[in-house]
Amino acid sequence: MHPDPTYRMKFENIVQQTSFGLLTSREQEFIRTKAFEMRFTQQELRQVSDMALDRMRWKEARLSANWPEERVYSDPRQEKKRIFAKIHAAHRALAATDKSYGSFSREDRPSTEKPKLVSRAGKRLGLGMCPVASERTRCCNLMTLDAVQQCGFDCSYCSIQSFYHGNEVAFDTEFASKLRDLTLDPGTIYHIGTGQSSDSLMWGNHHGVLEALCDFARNNPNVLLELKTKSRNIGWLLDNPVPQNVICTWSLNTQPIIDFEEHLTASLAQRMDAAQAMAKKGALVGFHFHPIVHYSGWESDYADIARSLVERFDPDRVAMVSLGTLTFTRSVMKTIRSRDLKSKILQMPLEESAGKLSYPAPMKLELFRLVYDALADWHGRVFFYLCMEPHSLWEPVFGYRYESNEEFENAMKTAYLKKVRSPV
């Protein structure tokens, strides 16, 4: 360790602002030695710590195992610059590798704590615009309704973990009355989703949530109410009348992603079975391929899901299919890294995309085109769209585009309403 007490004091100060403390003692000792030897700045220590932590989370070779040890330059500044260039290049190459979950097992799934369910009167009804809406992407102007706050599922990539803290799931004791008192313009069509702050169905009718939502939809036929889920918990919906303007949508993913990134959620087969049961009941259903994840074998896995949908569902009773992929803010990435969780979700090439970080555009096109083409039998009969993706991707994927968010919104509502008003 470098004997300079001044740098030692500096190191102890800057280390608190990095992910260094999340590393194993072995990696910490290695990085501490290199930091004292090369006089890492705070930014350099953060970069090295994040790369080492990524290797741990991804179950890849340790950063220390790939560190370039042979010295080339006698000038310390030149040598440090060379070494950082090499380790950054190696890390980018690893991130761009077609990742495989072959080394993952059930033991890599996180230990979970049963969430604490609480009920309290909320200050107001949580109705507003989609919190991730942006003019930099083509947006459907969805309104979101916070029927429940916090999700009991544990998807590694989910942004909800950045909205809430702790293990508390909150139900508003006045939710039903607030919905009844809500005044909407009868001349306006509203598209409202409840899957933003929690899964729409995993709690069933706990605290009367589904009953209140169905009453709201029934009393407001100008509302298109979307329940988005990764659950199979449809018991209450099967046992009770569901208004035609309630659309039940499932987020679908391949079983490897469900097993190792979408913890505690229903399996792919369970989601498909639940959707089919609701369709047989007469409800409109929909499907979100979001996020589509690039990994070894993704092509055949996602194509298999698409083929299964075509075989099992009547497109006249399917309202929509959305396509999207992994998109992160830096704060969400920091939250993901901070968790003691084996996950390959951040093992991907990251580029700036509409103010966030995501796959490079050519990879996105490859992902979206494969799923869209695999659902060719539904083209022209089901409403397809890209969720939170740049305007420039629409035409290469679908062959058409919308010139504004309002044009997109109106097209979506028109397509949904046509099916809502069609006889079952």
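Up top is the structure these notes are about.
Residues numbered from 1 in each chain as written. Predicted model: local features only at pLDDT ≥ 70, side-chain atom pairs only at ≥ 80, totals over all residues. Heavy atoms only, no water.

A. Here's a closer look at the side chain of Ser200. Looking at the secondary structure, you find Ser200 in the loop between strand E7 (190-193) and helix H7 (209-219). There is a polar contact of 2.6 Å between the side chain of Ser200 and the side chain of Thr194. A distance of 3.0 Å separates a polar atom in the side chain of Ser200 from the backbone nitrogen of Lys228. Ser200 has contacts with Thr194, Gly195, Leu210, Glu226, Leu227 and Lys228, leaving out every residue within four places of it along the chain. (Helix = DSSP H or I, 4+ residues; strand = E, 2+ residues; numbered from the N terminus. Polar contact = N/O pair within 3.5 Å; in protein donor to acceptor, adjacent residues only side chain to side chain. Contact = heavy atoms within 4.5 Å.)

B. Broad picture of the environment of Ala376. By the element assignment, Ala376 lies in the loop between helix H13 (361-374) and strand E16 (383-386). Sequence spacing of Ala376 and Val293 is 83 residues, and the spatial spacing of their C-alpha atoms is 21 Å.

C. Summary view of the packing of helix H11 (residues 298-312) against H13. The N-to-C vectors of H11 and H13 enclose an angle of 30 degrees; their axes lie 8 Å apart at closest approach. By the angle between their directions, the pair H11 and H13 is classed as roughly parallel. Our pair here, H11 against H13, has a crossing hand that is right-handed. Where H11 abuts H13, its residues Trp298, Glu299, Tyr302, Ala303, Ala306 and Val310 lie against Glu366, Leu367, Leu370, Val371 and Ala374. (Axes fitted to C-alpha atoms, helices over the stretch in contact; angles between N-to-C directions. Parallel < 35°, antiparallel > 145°, perpendicular 65-115°, else oblique. Left-handed = near helix turned anticlockwise from the far one by under 90°.)

D. Structural view of the pairing of strand E11 (residues 284-292). Counted residue by residue, E11 has 9 buried out of 9 residues, so it is predominantly covered. In this sheet, E11 lies alongside strand E9 (residues 246-251) in parallel orientation, the contact comprising 5 bridges. Pairing of Cys248 across the sheet is with Val285, part of E11. Across 6 bridges, the pairing between E11 and strand E12 (residues 318-325) is parallel. By the bridge assignment for E12, Phe289 is matched with Leu323. For the handedness criterion, the β-α-β arrangement of E11, H11 and E12 is classed as right-handed. (Buried < 20%, exposed > 50% of the residue type's maximum accessible area, 1.4 Å probe, protein only. Pairing = 2+ DSSP bridges. Right-handed = clockwise from strand over helix to strand, strands pointing away.)

E. Structural context of H11. For H11, built from 15 residues, the straight-helix expectation of 21 Å at 1.5 Å per residue is met to within 8% by its first-to-last C-alpha distance of 21 Å. If you check which residues of H11 are buried, you get Trp298, Tyr302, Ala303, Ile305, Ala306, Ser308 and Leu309. If you follow the buried residues of H11, they end up packed against helix H9 (255-260), helix H10 (268-281), E11 and H13. (Expected span 1.5 Å × (residues − 1).)

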